[in-house]
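Geometric and topological summary
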Amino acid sequence: MQYIYISFLSLFLGAALTSFIKNKNFSGFLTVLFTAISSIFLFYISINTIAGNKIIEDEVFSLKPLLNSSCVVSIDYLSALFLMIISLVSLCVSLFSWKYLNVYKTRSSARFYPFLMLLFISSVGVVCVKDILFFIIFWEFMTVSSWFLVVFEREEKSAIKGGLQYFIATHVATAFLILASVILYSYSNDFSFTEINKSLALIINYQPGIAHFILFCFFIAFVTKAGVLPFGFWLPNAYPQPPSSASSFFGGVMSKLAVYALVRFFCSVLPLSFHTQVWGFVIAVFGVFSIFIGTIAALTQDEAKRLMSFHAIGQVGYMLLGIGVGLYFIKINPFLGAVALVGGLLHVFNNSIYKSLLFLNAGSIFYKTATTDLNKVSGLIKVMPVTAITALVGSLSIAGVPPFNGFISKLLIFESSIWSAKQSEVFLLIKGAFIVFGIISIFISAVTLASFLKFVNSAFMGKLQGAVDEKRNIPLLMTLPQLILATVCVLTGLFPIIPLKLIYAGTLSLFNDLPDFSLIFGDTFAGVSISFLKNYSQGAWFPVFVIIPLIILCLLIFSFEKYAQAPKREVKTWYGGKEHVPEEVAYRGHSFYQPFKNLVSFRIGKVQFKGFYPVTTPSIKISVSEKFLKILQPDEWLYYPLANKFVKLFEYVEKIYELTTKKYIAWLILGSIVVMVLLFYISGGKQ
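Read on for an overview of the structure. Here the residue index of a chain counts from 1 through its sequence in written order. Totals for whole chains, interfaces and linings use all residues, but because this is a predicted model, local features are given only for residues with pLDDT of at least 70 and pairs of side-chain atoms are given and counted only at 80 or more. Working from all heavy atoms in the structure, the side-chain values ignore hydrogens and water.

Turning next to helix 3 (residues 77–100). In this text, helices come from DSSP runs of H or I with a minimum length of four residues, and strands from runs of E with a minimum of two, each type numbered from the N-terminal end. An expected span of 1.5 Å times one less than the residue number is assigned to each helix. Counted at 1.5 Å a residue, the expected span for helix 3 with its 24 residues is 34 Å, and the 35 Å between its end C-alpha atoms agrees. Of all 24 residues that make up helix 3, 21 are buried, and the element is covered over most of its length. Within 3.5 Å is the distance limit for a polar contact, defined as a pair of N or O atoms, with the added protein rule that one can donate a hydrogen and the other accept it, and that residues adjacent in sequence qualify only through two side-chain atoms. Between a side-chain oxygen at the N-terminus of helix 3 and the backbone nitrogen of leucine 78 the separation is 3.3 Å; the capping residue is aspartate 76. Think of it in three bands: with a 1.4 Å probe and only protein chains considered, a residue is buried below 20% of the maximum accessible area for its type, exposed above 50%, and partly exposed in between.

This is the structure in structure tokens:
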């Protein structure tokens with residue numbers, strides 16, 4: 001348990017030091033150093049928990065004289081899985097930020113690094129506490145620290161708008177979380193998850209309406225933070241605002257912690273009952289809605305980070321669909337429920353990797369070209385080939401193209417949704433709904449591929465054009481995190497049995513009476529078999545057997561080309577006999593899928609929809625006093641004044657050390673005498 005404390009201490013120390021250091025490179029170095037220390041210990045704790053199949057638990061302090069609440073750090077299998085994600089992504093984000101932040105020449109690093117590390121701390125706290133009071137504290141801590149990152153460029157109107165929407169939406173959601181917690185405390189007189197579980201069981205039996213209201217409050221709180229539509233309306237305006245490394249952590253980890261909270265409360269805190277089925281179906285419905293609207297809207301976007309923000313909505317929808325189907329069937333058919341739950345949780349893991357990677361790719365484009373507008377760049381593979389290759393890996397992964405990691409999790413979600421048609425215990429209408437959900441998710445997966453082909457083609461293919469800084473190469477510290485994440489995408493895609501076993505063990509910690517892993521997914525290292533019934537396989541996926549022939553074919557093609565030594569020549573593109581400048585004939589991002597985009601873009605009254613998503617709304621004029629606006633800027637009246645006082649204190653101390661050499665030596669001699677006298681006194685005058 002001391003390792004988790006070292007991890008917290010390391011991040012706190014890094015946040016404190018980077019608050020007062022003006023040099024960006026040194027602040028970046030400290031951030032990487034302290035984050036690396038934290039990540040190593042977090043990863044060790046996760047592996048130790050998983051390998052030992054145990055729960056690590058310790059009470060830090062208790063508030064029981066005042067409230068029945070204790071700050072208990074508890075790491076079980078599910079927490080360990082998310083700690084692994086946090087440790088990997090946070091390290092990659094801090095590495096990328098070290099050099100990337102130099103792009104913002106007029107922005108202080110004190111606006112970024114301290115809040116980034118506080119975000120890391122709060123993320124760890126969210127998955128480690130098992131008391132709802134301290135869960136809310138870390139949850140709010142995560143919201144506030146991330147808000148400071150959203151308004152990093154507070155001079156920009158878009159940052160203020162996105163930050164205000166994020167602040168209001170997430171705090172309304174937190175209010176629902178607090179309301180549910182207060183109601184539960186009035187019944188249980190305790191804030192621990194264990195006691196809440198017991199109270200919920202009684203409430204479900206005797207007051208089912210109250211139980212549904214409590215679950216409704218939890219649902220609103222978590223899906224709003226996750227960005228599920230329509231509650232996640234704020235996300236496309238907030239996620240593109242901070243530096244891309246922070247957006248990477250938002251899309252890769254923070255939104256997934258809301259899914260973690262949903263799983264924790266609806267699978268662990270909520271007792272298995274009819275309420276589980278009802279809310280499983282509700283979760284699946286909102287998941288499919290987000291899949292459809294979020295992904296279709298992403299297809300119409302021409303700005304890379306905004307495109308990825310809409311995809312964050314769609315991808316969370318896939319997770320909710322798997323989790324919702326799993327919750328609905330976990331009691332009726334444990335095989336089907338387990339496959340769906342594992343598919344949803346595996347998609348959380350996979351998405352955290354490739355979504356973080358894609359935001360870092362967008363950051364590299366911005367670093368090189370000073371824009372992420374896909375209409376203004378092209379041909380970047382010629383000047384940043386590593387970024388282009390990793391972006392292609394991330395794009396194919398998020399689209400679920402085999403053999404990358406997104407395929408297997410989507411396959412499990414698709415099959416579990418459609419297989420519900422075989423369940424005779426389920427109403428015909430419910431079965432039909434789940435089948436439609438599966439078909440929609442399959443179709444939207446193709447739309448995902450289309451939008452990321454647009455991203456890769458617009459940014460990296462074609463002729464090199466745009467505001468490219470030829471002298472500014474992508475540093476190794478920015479390239480390395482992308483390579484690490486891309487490698488994880490490939491390896492977990494080729495060997496899915498490894499993450500599947502980890503995820504299934506976490507699922508077993510939530511529901512103890514599930515079938516053995518080998519009965520559902522087999523026990524072959526080379527691939528996965530899928531069984532919805534005992535001793536009856538309905539599908540299989542062996543990526544190794546697919547990739548080996550592909551590698552052999554590629555080697556043969558390369559060998560033939562090398563052996564033939566066919567001459568190559570480069571010529572100018574022929575434009576049908578008429579002279580054109582490259583800008584006139586370039587196929588820009590907005591040119592992709594125009595007929596489809598026109599089909600899904602329309603106006604209803606004064607509201608303009610683009611990809612079924614409202615982009616303009618009737619303006620509402622309200623007057624807000626300046627005093628209220630100042631309240632929403634605590635950095636101006638609290639953080640910066642406090643930081644300036646500490647800076648002045650350090651400057652004063654520095655002046656003391658800049659005294660003349662003689663005075664400095666005199667202080668050394670005097671200090672040595674004092675130390676010797678103290679040592680003599682402590683030793684009792686004995687030699």
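Having seen it, we continue.
Helix-helix packing is described using two parameters, namely the angle between the two axes and the distance between the axes. Fitted lines through C-alpha atoms give the axes, limited to the stretch in contact for helices. The angle between two N-to-C directions lies from 0 to 180 degrees. It is at 12 Å that the axes of helix 5 (residues 132–150) and helix 10 (residues 244–269) come closest, and there the two elements cross at 160°. Between helix 5 and helix 10, the crossing angle belongs to the class labelled roughly antiparallel. Between helix 5 and helix 10 lies a crossing of left-handed hand. Mapping the contact onto sequence places Ile132, Phe135, Trp139, Met142, Ser146, Leu149 and Val150 in helix 5 and Ala246, Phe250, Met254, Leu257, Ala258, Ala261 and Phe265 in helix 10. Amino acids outside the nonpolar list (Ala, Val, Leu, Ile, Met, Phe, Trp, Tyr, Cys, Pro) and the charged list (Asp, Glu, Lys, Arg) are all regarded as polar, and Gly is one of them. Of the residues contributing to the contact of helix 5 with helix 10, the split by class is 13 nonpolar, one polar and no charged. Under this scheme an angle from 65 to 115 degrees is roughly perpendicular, one under 35 degrees roughly parallel, and one over 145 degrees roughly antiparallel; angles in between are oblique. Take the far helix as your reference; a near helix turned counterclockwise from it by less than a right angle gives a left-handed crossing, and one turned clockwise gives a right-handed crossing. In this description, contact between two residues means that some pair of their heavy atoms is separated by no more than 4.5 Å.

A surface patch of nonpolar side chains, about 640 Å² in accessible area, is lined by Val546, Ile548, Leu550, Ile552, Leu553, Leu556 and Phe560. Structurally, the position occupied by isoleucine 548 is in helix 20 (residues 543–564). Judged by its relative accessible area of 42%, isoleucine 548 is partly exposed. The patches reported here contain residues having more than 30% relative accessible area and no salt bridge. Joining distances are 9 Å for like charges and 5 Å for nonpolar side chains (Val, Leu, Ile, Met, Phe, Trp, Tyr). Each accessible area is a Shrake-Rupley estimate made with a 1.4 Å probe; only the visible protein chains count as cover when residues are assessed. Should a side-chain nitrogen of Lys or Arg be within 4 Å of a carboxyl oxygen of Asp or Glu, the pair is scored as a salt bridge.

A word on the nonpolar core. Nonpolar cores were defined as sets of buried Ala, Val, Leu, Ile, Met, Phe, Trp, Tyr and Cys residues, with membership established by side-chain atoms within 4.5 Å. Ranked by internal contacts, the top residues of the largest apolar core, which has 205 residues, are Phe135, Phe218, Phe222, Phe266, Phe455 and Phe521. A per-element tally of this core places helix 13 (residues 334–369) first, with 20 residues. Among all residues touching phenylalanine 266, those that are not within four sequence positions of it are Leu215, Phe218, Phe219, Trp279, Ile283 and Leu327.

Bringing unusual backbone geometry into the picture now. With an omega of 5°, the peptide bond running from leucine 229 to proline 230 counts as cis. Within the secondary structure, proline 230 is located in the loop between helix 8 (208–226) and helix 9 (235–238). Of note, the amide linkage connecting proline 402 to proline 403 takes the cis form, showing an omega dihedral of 5°. Along the chain, the position of proline 403 falls in the loop between helix 14 (385–398) and helix 15 (405–418).

On to the pattern of salt bridges, then. Where charged atoms of side chains with opposite charge meet at close range, the side chains can pair. Under the counting rule described, the total for this entry stands at six salt bridges. One salt bridge connects glutamate 153 with arginine 107, and the closest N-O pair in it is separated by 3.3 Å. Of this pair, glutamate 153 sits in the loop between helix 5 and helix 6 (157–188) while arginine 107 sits in the loop between helix 3 and helix 4 (113–128), and the two are 46 residues apart along the sequence. We classify glutamate 153 as buried; its relative accessible area is 18%.

Before going further, it helps to examine the packing of helix 7 (residues 193–206) against helix 10. Following both chains from N to C, one finds helix 7 and helix 10 inclined at 55°, their axes separated by 10 Å at the closest point. It follows from the interaxial angle that helix 7 and helix 10 lie oblique. Across from Phe193, Ile196, Asn197 and Leu200 in helix 7, the residues of helix 10 making contact are Arg264, Phe265, Ser268 and Val269. For the contact of helix 7 with helix 10, the per-class residue count stands at five nonpolar, two polar and one charged.

Pairing is antiparallel across the open sheet formed by three strands, whose spatial order is 5-6-7. The open sheet has two edge strands, strand 5 (601–604) and strand 7 (613–616), and neither has a second partner. When strand polarity is set aside, the average angle formed by the axes of neighbouring strands in this sheet is 35°. What makes two strands pair is DSSP finding at least two bridges between them. In terms of strand pairing, strand 6 (residues 607–610) meets strand 7 through three bridges, oriented antiparallel. Across the sheet, glutamine 608 pairs through a bridge with threonine 616, a residue of strand 7.

Note that serine 416 resides in helix 15. A distance of 2.8 Å separates the side chain of serine 416 from the backbone oxygen of leucine 412, its partner in a polar contact. A polar contact is formed between the side chain of serine 416 and the backbone oxygen of isoleucine 413, at a distance of 3.0 Å. Sequence-distant contacts of serine 416, that is, excluding residues within four places in its chain, are made with Val325, Leu336, Val339, Ala340 and Phe532.

On the secondary structure map, glycine 539 appears in strand 4 (residues 536–541). Given a relative accessible area of 15%, glycine 539 falls into the buried group. C-alpha separation for the pair glycine 539 and leucine 412, spaced 127 residues apart in sequence, amounts to 9.7 Å. Excluding residues that lie within four positions of it along the chain, glycine 539 makes contacts with Val528, Ser529 and Ile530.

Time to look at the packing of aromatic side chains. Classification of ring pairs uses Phe, Tyr and Trp, with its six-membered ring standing for Trp, and accepts pairs whose centres are within 6.5 Å; under 30 degrees between planes counts as stacked, over 60 as edge-to-face, and the remaining range as tilted. Within the structure shown, the criterion is met by 52 aromatic pairs. Aromatic pair tyrosine 504 and phenylalanine 521: ring centres 6.0 Å apart, planes at 80°, arrangement edge-to-face. Within this pair, whereas tyrosine 504 is found in helix 18 (residues 497–510), its partner phenylalanine 521 is found in helix 19 (residues 517–521), the two being separated by 17 residues in sequence. Arranged with centres 5.3 Å apart and planes meeting at 40°, the rings of phenylalanine 517 and phenylalanine 521 form a pair that is tilted. With phenylalanine 517 and phenylalanine 521 both in helix 19 and four residues apart, the pair spans about one turn of that helix. On the accessibility criterion, phenylalanine 517 (12% relative accessible area) is buried. Under the relative-accessibility criterion, phenylalanine 521 is labelled buried at 1%. An aromatic cluster is present here, built from Phe96, Tyr100, Tyr104, Phe112, Tyr113, Phe152 and Phe366 joined pairwise through their rings. Lysine 410 extends its terminal NZ or CZ atom over the ring of tyrosine 318, reaching a point 4.6 Å from the ring centre. Lysine and arginine charges are scored as sitting over a ring when NZ or CZ, respectively, is within 6 Å of the ring centre and within 35 degrees of the ring normal.

Remember, this is a structural readout, not a statement about activity or role.
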